[in-house]
Amino acid sequence: MKGGNIVDNIILSVNGLTKNYKTLCAVKNLTLSVERGKIFGLLGPNGAGKSTFIECILGTKKYNKGSVEILGMNMEGSKKEICKEIGVQFQVDFFPDRIKVGEMCEMMASLYKDTVNWKTLIGKFGLGDKIKQDVSKLSGGERQKLSVFIALINQPKLVFLDELTTGLDPRARRDVWKLLKSLQKEGLTIFLTSHYMDEVEALCDEVLIINNGQSVIAGTPDGIVEKSGMTNLEEAYLYYIGEEK
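Report follows, based on the coordinates. These numbers come from a predicted model, not from an experiment.

**Some remarks on the pattern of salt bridges**
And step 1. Evaluation of the coordinates by the stated rule reveals 7 salt bridges.
And step 2. The closest approach of N and O atoms between K61 and E55, which form a salt bridge, is 3.0 Å.
And step 3. A relative accessible area of 28% means that K61 is categorised as partly exposed.
And step 4. What makes E55 partly exposed here is its relative accessible area of 29%.
And step 5. Across the salt bridge formed by E142 and K130, the nearest N and O atoms sit 3.5 Å from each other. Taken as a pair, E142 in helix α5 (residues 140–150) and K130 in the loop between α4 (118–124) and α5 lie far apart in primary sequence, 12 residues in all.

Given below as structure tokens:
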């Protein structure tokens, strides 16, 4: 890999990351590592610091302390090289109103040297018949699927997905899960956030639960359930963020 060496198969390494807003500490001394080919879940209630943490990882916000390495490269010094190798799911309101699905895909593909054959892959997302349709006329679920799809156009080695199946019906959610698991088998590493515990259990190899910007517990979904003494991940999650007695 140009620009750095991946040590011990770790594709993402965050050490002691801290982000302050004047008197508020939004992220406090967070540390994590993600192995190549794994699906990692970041969990926490609204306002826990998840979005700020991810923005610091991606270099869109400056942090006060700590370090971030992606693909063996330091984000502060190799942002351009890293961005060619990762994918990021944009929020659905990112899309211009007057653009067709195919035009949106062509535009995003033009930003990268190496891309997937998006006309083939888009069919797996159930959007193959929407290529000539205006993005503004897609349903909320279809726009959400498009946002996930676009994050994969550049054949990333690591992709960040934020609430990837919000707005999707149960069948569509499971179709997306199945596709992501197949991409994982091909070597893709996935970093996701989700409020759906069934989704986390179905997809994630490792998870980190944070609250008030701090780490609460990390481990496998089964391991976290076992340590909590609860019967499932949803109960364990509520227990660890202080909402389940």
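Still to come is the rest of the account.
**Quick look at the state of the cysteines**
And step 1. What the rule picks out here adds up to 0 disulfides.
And step 2. For C25, which is in no disulfide, the shortest distance to another cysteine sulfur is to C56 and amounts to 10 Å.
And step 3. For C25, a relative accessible area of 28% gives the class partly exposed.

**Considering the sheet that holds strand β2 (residues 24–35)**
And step 1. Taken together, the 4 strands give an open sheet; going across it, the order is β2-β1-β4-β5, and neighbouring strands pair in antiparallel fashion. The outermost strands of the open sheet, each flanked by one partner alone, are β2 and β5 (73–74).
And step 2. Set on the sheet, helix α1 (residues 50–58) makes contact with β1 (10–21), β2 and β4 (65–70); between it and β1 the angle comes to about 120°.

**Re the sheet that holds strand β7 (residues 158–162)**
And step 1. Read across the open sheet, the 6 strands follow the order β6-β7-β8-β3-β9-β10; overall the sheet is mixed. The open sheet has two edge strands with one neighbour each: β6 (86–88) and β10 (214–219). Across the sheet, the axes of successive neighbouring strands diverge by a mean angle of 15°, strand direction being ignored.
And step 2. Here β6 pairs with β7 via 3 bridges, running parallel. Bridge pairing in β7 links G87 to V159.
And step 3. Contacts between α1 and the sheet are confined to β3 (39–43), β6, β7, β8 (189–193) and β9 (206–211), with β3 contributing the most and set at about 135° to the helix.

Parameters and conventions
Residues numbered from 1 in each chain as written. Predicted model: local features only at pLDDT ≥ 70, side-chain atom pairs only at ≥ 80, totals over all residues. Heavy atoms only, no water. Salt bridge = Lys/Arg side-chain N within 4 Å of Asp/Glu carboxyl O. Buried < 20%, exposed > 50% of the residue type's maximum accessible area, 1.4 Å probe, protein only. Helix = DSSP H or I, 4+ residues; strand = E, 2+ residues; numbered from the N terminus. Disulfide = S-S within 2.5 Å. Pairing = 2+ DSSP bridges. Contact = heavy atoms within 4.5 Å. Axes fitted to C-alpha atoms, helices over the stretch in contact; angles between N-to-C directions.

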